Amino acid sequence: MNTMEQIQRLKQHTLLLMQHGYVDRFLQPPVFKESKVFITYCLLRELELDEAVEAEYFSSITLIQSALDRHDDILEEHINENKKKRQLVVLSGDYFSSLYYLLLSHCENLDLISKLSSAVQEINEKKADLHNQSKVKFQTTSVEYLKAIQKIDSLLLTKAAESFGLHTYIPFIERYLLVSSYHSLDTRRRLSEEQLDYLKTCETEIKNKAVEMPLLFHREGYNLEYSDKNDLMLGEG
């Protein structure tokens, strides 16, 4: 089984856990961000875990990310205007969170539970700060604003990397997720010149391997230039 097949297997396992007959009648299934899925898999591969434990860790991290994403869905106009959907979005996000705690309790990894929980709290605080500061202090076209977005987007996985003792990959995770988020021409057109320069610097550091990358990237022949042909930014393996 190659890398893509292994990741697909883990994703399907997680989606099965997330199924809920009533909620699924009204809401679309969660959509995983492939760059985060791949980073999660890369980190877990470094640990050489038992297959069952790896699946539980993968699902736990993906579930808590999905809970955060689902709660963000409340801002969608078609959901916010529908009371039933709005309630189900909140409840399903809470449901994903409860599944995450249940899975990690099986693994008895208290450090990972603690770090991911603190990441969720910090993410929510930073989102609130960003919302308030964008009105008063931050210009949405500033590099500081883009860096704040970058921090929020990567915090869950950088905390997981800390728990796994993989601190050296944190700069890469932050850059990789930012570049992934602004890969398309449409998203790049929304950036200011300063922000685009910062994004290109992150991209160059990855291409030149100026930051330490997980081993799987090297084995898969990672090449950022071909990322438009593959959401995961890697070869088929």
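Residues numbered from 1 in each chain as written. Predicted model: local features only at pLDDT ≥ 70, side-chain atom pairs only at ≥ 80, totals over all residues. Heavy atoms only, no water.

Peer 1: What am I meant to see in a negative patch on the surface here?
Peer 2: On the surface, Glu144, Glu193, Glu194 and Asp197 cluster together into a negatively charged patch. Of the residues forming the negative patch, the biggest block, 3 residues, is contributed by helix α11 (residues 193-207). Given the relative accessible area of 52%, glutamate 194 is considered exposed. (Patch = residues over 30% accessible without salt bridge, like charges linked within 9 Å, V, L, I, M, F, W, Y side chains within 5 Å. Areas by Shrake-Rupley, 256 points an atom, 1.4 Å probe, with all protein chains shown as cover. Salt bridge = Lys/Arg side-chain N within 4 Å of Asp/Glu carboxyl O. Lys, Arg positive; Asp, Glu negative; His and termini not counted. Charge placed at Lys NZ, Arg CZ, Asp CG, Glu CD. Helix = DSSP H or I, 4+ residues; strand = E, 2+ residues; numbered from the N terminus. Buried < 20%, exposed > 50% of the residue type's maximum accessible area, 1.4 Å probe, protein only.)

Peer 1: Mind showing me how you'd approach unusual backbone geometry here?
Peer 2: Trans is the common state for peptide bonds, and a negative phi is the common state for residues other than glycine. Not every positive phi belongs to a glycine, and glutamate 48 is a case in point at roughly 55°. Here glutamate 48 lies in the loop between α3 (34-47) and α4 (51-72). Taking the relative accessible area as the measure of exposure, glutamate 48 reaches 73% and is therefore exposed. Despite not being glycine, lysine 209 shows a phi value in the positive range, around 55°. Here lysine 209 shows up in the loop between α11 and α12 (215-219).

Peer 1: I'm lost on the nonpolar core in this one. Help?
Peer 2: Generally speaking, a soluble globular protein has its nonpolar side chains buried in company with each other. Counting residues in each nonpolar core, the largest one holds 62 residues, and the members touching the most others are Ile39 and Phe164. Broken down by element, the residue count for this core peaks at 10 residues, all from helix α8 (residues 143-163). Leave out the neighbours within four places in its chain, and isoleucine 39 touches Leu157, Phe172, Ile173, Tyr176, Leu177 and Phe217. (Core = buried A, V, L, I, M, F, W, Y, C linked by side-chain atoms within 4.5 Å. Contact = heavy atoms within 4.5 Å.)

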